[in-house]
Amino acid sequence: MLYLIGNWKMAPEKNSQVIDLVKKTTAIARTYKKSLTTIICPPAVFLPAVVKNAKVPLLVGAQGLAASDAIAQTGLISAGMLKDNGAAYCIIGHSEMRARGDNNEIVKQQLTKLFDKKIVPILCIGEKTRDTQGWYLSEIKEQLETAFADLVPLQAKKIIIAYEPVWAIGKDATRAATPAECREMMIFIRKMLSDKYDEKIAKSIVLLYGGSADEFNARSFVTDGAAQGFLVGRVSLEAKRLEALAKAITTPEK
Ligand code: PEP
């Protein structure tokens, strides 16, 4: 089973667009339900409308949360609020959140809050830049070590990891990663998890790719990049392209 997770980021603007997109994404989730687990993560304000309109098998997640339950955090949202509004998953550690201050320690605290409320974490990790010596691996190592520091195997197994090189994300991306770059990282992440836990646990953790994934390059990330699916931003806002991506990764090669 592959994963297709849509990060809607700060879009769309209107409720009417939300309903339309949920309905179209539900149709995609239904068409590919035998081979894809499809999840959408809208802005929190749309969670009630999305939950109401998303039909089986489409699943719903959120895009972030406060690291503590203290009330005096104007503008933030707690894990409890997300749970009560129907979020079963939640993205944390996204580079756009890290850029606004969510460091590794905060991400670690957010993980605890999500586990408290039985929300599945979608943990984003990724290096800001690449160098030819492999120093970027230390950035990934630190992100992983901090996030998993206190997690018991039962918790670790539940996390979905999205490898998202920062330089490959969004409209300012330099380019998407290559499947070979993705594969190297998937091996590195699994090796780290295997060293911390064991091979069985490391193999059970879902590893996704994110960063300018689209209907044209997606298949190669699965066949050659060892990705078990995708966290997609822009493409998740265009139903036709999302459908094409779903088709590309699920249709057997002729
Ligand atoms: C993202 O925001 O997580 C992402 C992968 O964005 P995009 O697909 O637009 O690069």
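Our subject is the structure listed above.
Okay, so let's go over this structure. A quick note: this is a predicted structure, and the numbers were derived from the prediction, not measured.

Rules used in this analysis
Residues numbered from 1 in each chain as written. Predicted model: local features only at pLDDT ≥ 70, side-chain atom pairs only at ≥ 80, totals over all residues. Heavy atoms only, no water. Phe/Tyr/Trp six-rings, centres within 6.5 Å; stacked < 30°, edge-to-face > 60°. Lys NZ or Arg CZ within 6 Å of the ring centre and 35° of its normal. Helix = DSSP H or I, 4+ residues; strand = E, 2+ residues; numbered from the N terminus. Near = heavy atom within 4 Å. Polar contact = N/O pair within 3.5 Å; in protein donor to acceptor, adjacent residues only side chain to side chain. Areas by Shrake-Rupley, 256 points an atom, 1.4 Å probe, with all protein chains shown as cover. Nonpolar A, V, L, I, M, F, W, Y, C, P; charged D, E, K, R; others polar. Axes fitted to C-alpha atoms, helices over the stretch in contact; angles between N-to-C directions. Parallel < 35°, antiparallel > 145°, perpendicular 65-115°, else oblique. Left-handed = near helix turned anticlockwise from the far one by under 90°. Contact = heavy atoms within 4.5 Å. Salt bridge = Lys/Arg side-chain N within 4 Å of Asp/Glu carboxyl O. Buried < 20%, exposed > 50% of the residue type's maximum accessible area, 1.4 Å probe, protein only. Patch = residues over 30% accessible without salt bridge, like charges linked within 9 Å, V, L, I, M, F, W, Y side chains within 5 Å. Lys, Arg positive; Asp, Glu negative; His and termini not counted. Charge placed at Lys NZ, Arg CZ, Asp CG, Glu CD.

**Focus on the packing of aromatic side chains**
Now for step 1: Counted under the stated rule, the structure contains 4 aromatic pairs.
Now for step 2: One aromatic cluster in this structure is built from Tyr 163, Tyr 209, Phe 221 and Phe 230.
Now for step 3: Against the face of Tyr 136 rests Arg 130, its NZ or CZ located 4.1 Å from the ring centre.

**Side note on unusual backbone geometry**
Now for step 1: Of the consecutive residues Ala 11 and Pro 12, the connecting peptide bond is found in the cis state with omega at -5 degrees.
Now for step 2: By secondary structure assignment, the location of Pro 12 is in the loop between β1 (2-7) and α1 (15-31).
Now for step 3: Note the cis peptide between Val 56 and Pro 57, where omega equals 10 degrees.
Now for step 4: Assignment of secondary structure puts Pro 57 in the loop between α2 (47-53) and β3 (59-62).

**Examining the site of the ligand**
Now for step 1: What surrounds the ligand is a group of 14 residues, the closest being Lys 9, Glu 164, Gly 170, Gly 233 and Arg 234.
Now for step 2: The contact in question runs from an oxygen atom of the ligand to an N or O atom on the backbone of Gly 233, over 2.8 Å.
Now for step 3: Across the complex, the protein chains shield 99% of the 290 Å² of accessible surface that the ligand would expose by itself.
Now for step 4: Per-class residue counts for the shell around the ligand are 4 nonpolar, 7 polar and 3 charged.

**Regarding the packing of α1 against helix α11 (residues 239-250)**
Now for step 1: In the contact formed by α1 and α11, the axes pass within 10 Å of each other and the chain directions differ by 15 degrees. Regarding the angle of α1 to α11, the classification is roughly parallel. For the pair α1 and α11, the crossing hand works out as right-handed. Only Ala 239, Leu 242, Glu 243 and Ala 246 of α11 make contact with α1, whose side of the interface consists of Leu 21, Lys 24, Thr 25 and Ile 28.

**Remarks on the pattern of salt bridges**
Now for step 1: Evaluated as defined, the whole model comprises 14 salt bridges.
Now for step 2: Here Glu 127 makes a salt bridge to Arg 130, at a shortest N to O gap of 2.8 Å.
Now for step 3: The exposure class assigned to Glu 127 is buried, which follows from its relative accessible area of 0%.
Now for step 4: With a relative accessible area of 24%, Arg 130 lands in the partly exposed category.
Now for step 5: With a shortest N-O distance of 3.2 Å, Lys 141 and Glu 145 are connected by a salt bridge. Of this pair, Lys 141 and Glu 145 both sit in helix α6 (residues 136-148), 4 residues apart, which is roughly one turn of the helix.
Now for step 6: Given the relative accessible area of 39%, Lys 141 is considered partly exposed.
Now for step 7: Salt bridges linked by common partners bring Glu 127, Arg 130 and Glu 184 together as one network.

**Some details on a positive patch on the surface**
Now for step 1: Taken together, the side chains of Lys 23, Arg 30, Lys 33, Lys 34, Lys 52 and Lys 55 define a basic patch exposed on the protein surface.
Now for step 2: With respect to the helices and strands, Lys 34 occurs in the loop between α1 and β2 (36-41).

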